[in-house]
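Structural overview
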Amino acid sequence: MSLTVPNELLDQARAGDVDDAAFLACVRDSLPYAWSLISGLAEQREQTGAEFADNQVPPPSEEARGQLLRCLASDAMRAALERHFGVRLAFQNCHRVAVFDPTATKALHEFVTPRAQILNQKPELVDC
């Protein structure tokens with residue numbers, strides 16, 4: 001299961017639309033490693049003014065890796081995080097997350113090419 005959903009949020013979903021803030025709180029509380037990594041990268045990119053910031057350090061545990069994979073595999077979670085942090089997210093392997101300034105289309109395009117994926121491969125990442 002990706003998220004631990006509070007009863008109030010489940011009731012809200014049954015009644016209609018889910019509030020973005022409540023959904024984001026659920027993501028933050030359910031997937032703390034993924035939230036922390038993405039929020040830290042968004043802050044780093046904002047502080048430096050760079051087109052993007054990325055993580056190249058593997059998660060500290062399989063649990064953390066699972067959180068990251070679940071978070072980024074969900075279109076709903078990715079879109080909510082992008083709206084919240086004002087970034088575009090991109091993902092390579094099982095840990096290389098990048099947050100992009102929404103206007104950095106050339107940098108994003110280069111990050112998501114097959115060439116970039118191939119160049120990011122390392123022997124220690126074979127079974128990530």
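What counts, and where the lines are drawn
- Residues numbered from 1 in each chain as written.
- Predicted model: local features only at pLDDT ≥ 70, side-chain atom pairs only at ≥ 80, totals over all residues.
- Heavy atoms only, no water.
- Helix = DSSP H or I, 4+ residues; strand = E, 2+ residues; numbered from the N terminus.
- Buried < 20%, exposed > 50% of the residue type's maximum accessible area, 1.4 Å probe, protein only.
- Contact = heavy atoms within 4.5 Å.
- Areas by Shrake-Rupley, 256 points an atom, 1.4 Å probe, with all protein chains shown as cover.
- Core = buried A, V, L, I, M, F, W, Y, C linked by side-chain atoms within 4.5 Å.
- Axes fitted to C-alpha atoms, helices over the stretch in contact; angles between N-to-C directions.
- Parallel < 35°, antiparallel > 145°, perpendicular 65-115°, else oblique.
- Nonpolar A, V, L, I, M, F, W, Y, C, P; charged D, E, K, R; others polar.
- Salt bridge = Lys/Arg side-chain N within 4 Å of Asp/Glu carboxyl O.

Right, let's talk about the overall build of the protein chain for a bit. Helix and strand counts for the protein chain stand at seven helices and three strands. Each helix and strand of the protein chain, ordered N terminal to C terminal, gives the series α-α-α-β-α-α-β-β-α-α. By residue count, 40% of the 128 residues in the protein chain fall in the buried class. Restricting the contact set of the protein chain to residue pairs at least 6 apart, pairs at least 24 apart contribute 60%. Looking at the protein chain as shown, the accessible area adds up to about 7,500 Å², and 52% of this sits on carbon and sulfur atoms.

This brings us to the nonpolar core. Inside soluble globular proteins, nonpolar side chains tend to come together where they are buried. Residues Val 27, Ile 38, Leu 89 and Val 97 are the most contacted members of the largest nonpolar core, which totals 26 residues. Ranked by the residues each element gives to this core, the list is headed by helix α3 (residues 32-48), at seven residues. The contacts of Val 97, once residues within four sequence positions are left out, are Leu 37, Ile 38, Leu 41, Ala 53, Asp 54, Asn 55, Leu 68, Leu 72, Leu 89, Ala 90 and Phe 91. Counting residues in each nonpolar core, the second largest holds seven residues, with Ala 90, Ala 98, Ala 107 and Phe 111 among its members.

In this section: the packing of α3 against helix α4 (residues 62-73). The geometry of α3 relative to α4 is characterised by a closest axis approach of 7 Å and an angle of 70 degrees between their N-to-C directions. By the angle class used here, α3 and α4 are roughly perpendicular. Contact residues: α3 offers Pro 32, Tyr 33, Ala 34, Leu 37 and Ile 38, while α4 offers Ala 64, Gln 67, Leu 68, Cys 71 and Leu 72. By residue class, the composition of the contact of α3 with α4 is nine nonpolar, one polar and no charged.

Attention shifts here to the pattern of salt bridges. Within this structure, the stated rule accounts for nine salt bridges. The partner of Arg 28 in a salt bridge is Asp 29, and the shortest N-O contact between them spans 3.2 Å. The exposure class assigned to Arg 28 is partly exposed, which follows from its relative accessible area of 38%.

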